[in-house]
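# Remarks on the overall topology
Residue strings, one per chain:
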Amino acid sequence: MPQQEASNLFPIFDKVVDRENKEALLKQRGTVIWMTGLSGSGKTTLAIGLEKYLHDNGHLAYLLDGDNLRTGINSDLGFSEKDRKENIRRVAEVSKLFASSGIITVNSFVSPTEELRQLAKSIIGTADFNLVYVNTPLEICEKRDTKGLYVKARKGEIKEFTGISAPFEEPKQADLVIDAGRDAYEECLKQLIAFVLPKIKC
Ligand code: ADX
């Protein structure tokens, strides 16, 4: 934003009810569970399972998913490097707002590069950013092809498709790696829940 315009803004961050009070009301700590992995790796299925578990156990959680957000707030964005960056930037800013209101945000985004994940972490802040890598090999994602996108990508009908014609860099510093190609869904969900519960304790 041009300097001139920024100086005409008067943020009131310090005047709103503070985070501690909101967390006390909700009896939980707000945080962001950021799930990365290939399309079809099982991120969203696990995120849905986690959100449901948290809800059933008295926690307020909100699922932010790539396919969902790209039909709304990010409907102007495609899959070029630049657009993915803007996608992740917006999502990270939104997640930060949720976390600061004491809500547990469960994010399901391919977020394919270290640069994108670092960007998210720098916006959200280290304390609230929990990176979960849903590690399902490309062969398995492609074989499952639940959305039929890999077939299209192989035919060249979808450009810049992650894992086929656009890169996916394995995260080097994930806080949790879920071997979703090897372990059954119930086992993966159990691992995810066990990872999340200590993070949201007040
Ligand atoms: S990200 O790379 O910017 O993080 P995001 O998670 O929002 O991606 O969206 C990925 C979802 O969009 C995939 O699960 C898939 O359903 C769909 N999609 C459509 N085109 C592409 C593409 N070129 N690359 C990856 N995913 C795509």
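So, here's what we can say about the structure. (Residues numbered from 1 in each chain as written. Predicted model: local features only at pLDDT ≥ 70, side-chain atom pairs only at ≥ 80, totals over all residues. Heavy atoms only, no water.)

Next up on the list: unusual backbone geometry. Of note, Ser111 is a non-glycine position whose phi angle comes to about 30 degrees, a positive value. With phi around 35 degrees, Asp145 is a residue other than glycine that occupies positive phi space. Residue placement: Asp145 occurs in the loop between helix H7 (138-144) and helix H8 (149-154). When its relative accessible area of 14% is taken as the criterion, Asp145 is described as buried. (Helix = DSSP H or I, 4+ residues; strand = E, 2+ residues; numbered from the N terminus. Buried < 20%, exposed > 50% of the residue type's maximum accessible area, 1.4 Å probe, protein only.)

Positionally, Val91 belongs in helix H5 (residues 81-100). You can call Val91 buried: its relative accessible area is 0%. The sequence separation of Val91 and Phe109 amounts to 18 residues, and the corresponding C-alpha distance is 9.2 Å. Apart from the residues lying within four places of it in its own chain, the contact partners of Val91 are Trp34, Leu64, Leu69, Asn74, Asn107 and Phe109. (Contact = heavy atoms within 4.5 Å.)

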